[in-house]
Amino acid sequence: MQIKTLSEILAEMGGQSVSADTNNPQTQTSTTIKHRPEQQSPQSNHDTRTVAHTTKPTTTKSSTAHPKQSHKKPANPPNSQVATLLAQHQKDPEQKALPQNLADVLQGVAIEPLAQTDRAINYMRWLAFYYLSKRELSQHELRQKLLAKDCDADAVEMLLIEFAEKGYQSDERCAYMIIRESIRKARGKQYIHQAFKEARLNFDSSLDDMIAQAGIDTLTDGTALDSCHDKIDWLYLAVEARCKKYGNAPPQTPKEKAKQLRFLQYRGYEISVCFDALKYTLDDLKDR
């Protein structure tokens, strides 16, 4: 097998011959430049090291990373005709009256009273039973308490009629309760009359007849009743209230008399009973 030189191969390919003579300056220069190691200045080496230490490697995100999901709010639904007109009205605060087109739309809206649900009625009945379980109330007092809780007025009136028919609420029982409670607390007849007025209690019979029918004898030991046991001894009640507050001895100075007189008037006694109560003690009344 014949071995061809490089010059022969290039000659066959149509190129120029290349000589391996080292005296050729072009070849020598290219060879020198090719094999001579690159020399760098100290400054360039320092800059290279600095860059090498300060430069951070950059990381490229993978093309297969999942894209971020965008949480966009859904578009607002189209506003209704009324909402659109209200928005237009709010943009012009100086306009005092409503626009004519808004007034025309609102005229078509039916205005109906709120329907009373079963829950509201049950709550009203529960309130009525709760108030009556604490004390006797007149129709006026129970009505005011239910209306104060925002109950429907018509439903309250129907409830009052039902309770009166079934006996759950009674003005007569309320009147007797006021009388018995007033006498037990040593209150006078004027106080009972004022309590009836505030509770809107009106009866055909007189106050004395109502007091006589209230069963006062079950509250006292008989000392607050007169000798006939059919009427209240208001003088005895007044003296008992004064002695409990200021002692058994009658007042001596005008200042003490005026002070005790005002106290008895505040308790609801008649003026004649108040003046007589300043003269007696409990022992004097027992000896009558």
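Along each chain, residue indices are assigned from 1 in the same order as the chain's sequence is written. Totals for whole chains, interfaces and linings use every residue, but because this is a predicted model, local features are given only for residues with pLDDT of at least 70 and side-chain atom pairs only at 80 or more, for both listing and counting. Values reported for side chains reflect all heavy atoms of the structure, with hydrogen atoms and water molecules removed beforehand.

S.K.: Before we go on, may I ask you to explain the overall build of the protein in this structure?
M.R.: Working definition: helices are DSSP H or I runs of at least four residues, strands are E runs of at least two. Numbering for both runs from the N terminus. Regarding its fold elements, the protein presents 15 helices and 0 strands. Partly exposed describes any residue whose relative accessible area lies between the buried limit of under 20% and the exposed limit of over 50%, with all areas from a 1.4 Å probe on protein chains only and scaled to the type maximum. Expressed as a percentage of its 288 residues, the buried residues of the protein come to 25%. Partitioning the contacts of the protein with sequence separation of at least 6, the portion at a separation of at least 24 is 56%. A contact between two residues is defined here by any heavy atoms of the two lying within 4.5 Å.

S.K.: When you look at the nonpolar core in this model, what are you seeing that I'm missing?
M.R.: What we call a nonpolar core is a set of buried Ala, Val, Leu, Ile, Met, Phe, Trp, Tyr and Cys residues that are connected through their side-chain atoms within 4.5 Å. Ranked by size, the top nonpolar core spans 36 residues in total, and within it Ile-179, Ile-183, Ile-211, Trp-234 and Tyr-269 carry the most contacts. Looking at this core, the elements that each hand over two or more residues are helix H9 (171–184), helix H10 (189–198), helix H11 (207–212), helix H12 (234–246), helix H13 (254–266) and helix H14 (271–277). Here this core takes 8 residues from H12, the largest share from any one element. Beyond its immediate stretch of four places on either side in the chain, Ile-183 contacts Ile-192, Ile-211, Ile-216, Ile-232, Trp-234 and Leu-237. Grouped together as the second largest cluster of nonpolar side chains are 14 residues, Leu-142, Cys-151, Val-156 and Leu-160 included.

S.K.: What is the right way to look at the confidence of the model for the protein in this model?
M.R.: One rule of thumb: low pLDDT means the predicted coordinates there are not for detailed reading. The score called pLDDT rates the predictor's confidence residue by residue, from a low of 0 to a high of 100. On average, the protein scores 74 in pLDDT, and the residues at 70 or more come to 58%. Mean pLDDT in the protein bottoms out at helix H2 (residues 25–35), which sits at 43, and peaks at helix H7 (residues 139–148), which reaches 96. Counted against residues more than four places away or in other chains, residues 17–42, with its pLDDT under 50, gives 4 contacts. Here residues 44–67 is a poorly scored stretch, pLDDT under 50, and it has 1 contact once near neighbours within four places are set aside; other chains count.

S.K.: When you look at the packing of aromatic side chains in this model, what are you seeing that I'm missing?
M.R.: How two aromatic rings sit relative to each other is given by the distance of their centres and the angle of their planes. Pairing of aromatic side chains requires ring centres within 6.5 Å, counting the rings of Phe and Tyr and the six-membered ring of Trp. Pairs whose planes differ by under 30 degrees are stacked, by over 60 edge-to-face, and all others tilted. Going through the model one piece at a time under the given rule, you end up with 8 aromatic pairs. For the pair Tyr-123 and Trp-126, a centre-to-centre distance of 6.3 Å together with 20 degrees between the ring planes defines the contact as stacked. In this pair, Tyr-123 and Trp-126 are both assigned in helix H6 (residues 118–134), 3 residues apart and thus about one turn of the helix distant. Here Tyr-123 falls in the partly exposed class, since its relative accessible area comes to 41%. Judged by its relative accessible area of 51%, Trp-126 falls in the exposed class. Of the aromatic side chains, those joined through ring pairs into one cluster are Tyr-123, Trp-126, Tyr-130 and Tyr-131.

S.K.: What am I meant to see in the packing of H12 against H13 here?
M.R.: A pair of packed helices is captured by two measures, namely the crossing angle of their axes and the spacing between those axes. What counts as an axis is a line fitted to C-alpha atoms, over the stretch in contact for a helix, and the angles between N-to-C directions run from 0 to 180 degrees. For the pair H12 and H13, interaxial distance at closest approach is 10 Å and the crossing angle is 125 degrees. Judged by the inter-axis angle, H12 sits oblique to H13. Here H12 and H13 pass one another in a crossing that is right-handed. The residues of H13 that touch H12, namely those facing Ala-238, Ala-241, Arg-242, Lys-245 and Tyr-246, are Lys-259, Gln-260, Phe-263 and Leu-264. In this scheme, roughly parallel covers angles under 35 degrees and roughly antiparallel covers those over 145, while 65 to 115 is roughly perpendicular and the rest are oblique. Crossings are classed by handedness, with left-handed meaning an anticlockwise turn of the near helix from the far one by less than a right angle and right-handed meaning a clockwise turn.

S.K.: What's the story with the packing of H9 against H10 in this structure? I'm lost.
M.R.: Two elements in contact, H9 and H10, have axes whose closest approach is 10 Å; the angle formed by their N-to-C orientations is 150 degrees. Considering their axes alone, H9 and H10 lie roughly antiparallel with respect to each other. For H9 against H10, the interelement crossing comes out right-handed. Facing Ala-175, Ile-178, Ile-179, Ser-182 and Ile-183 of H9, the residues of H10 in contact are Tyr-191, Ile-192, Ala-195 and Phe-196. Of the residues contributing to the contact of H9 with H10, the split by class is 8 nonpolar, 1 polar and no charged. As a working rule, the residues Ala, Val, Leu, Ile, Met, Phe, Trp, Tyr, Cys and Pro are called nonpolar, Asp, Glu, Lys and Arg charged, and the rest polar, with Gly in that last group.

S.K.: Which parts of the structure should I look at to understand the side chain of His-140?
M.R.: Its place among the elements puts His-140 in helix H7. Apart from the residues within four sequence positions on either side, His-140 is in contact with Glu-198, Ala-199 and Arg-200.

S.K.: Honestly, unusual backbone geometry in this entry has me stumped. Any pointers?
M.R.: The backbone phi angle of Asp-150 is positive, close to 65 degrees, even though this residue is not glycine. Despite not being glycine, Ala-186 shows a phi value in the positive range, around 60 degrees.

S.K.: Even after reading the chapter, I still don't get H10, so can you show me in this structure?
M.R.: Turn by turn, an α-helix covers 3.6 residues, leaving residues three or four places apart pointing in a common direction. Among the residues of H10, those classed as buried are Lys-189, Ile-192, Ala-195 and Phe-196. For H10, the buried positions fall inside an angular range of 120 degrees around the axis, keeping them on one side. Residues of H10 that are exposed and point more than 90 degrees away from the buried face comprise Lys-197 and Glu-198. Each element contacted by the buried residues of H10 is listed here: H9, H11 and H12. Arg-200, located one to two residues past H10, shows a positive phi value of around 60 degrees. What the arc measures is the spread of directions leading from the helix axis to the C-beta atoms.

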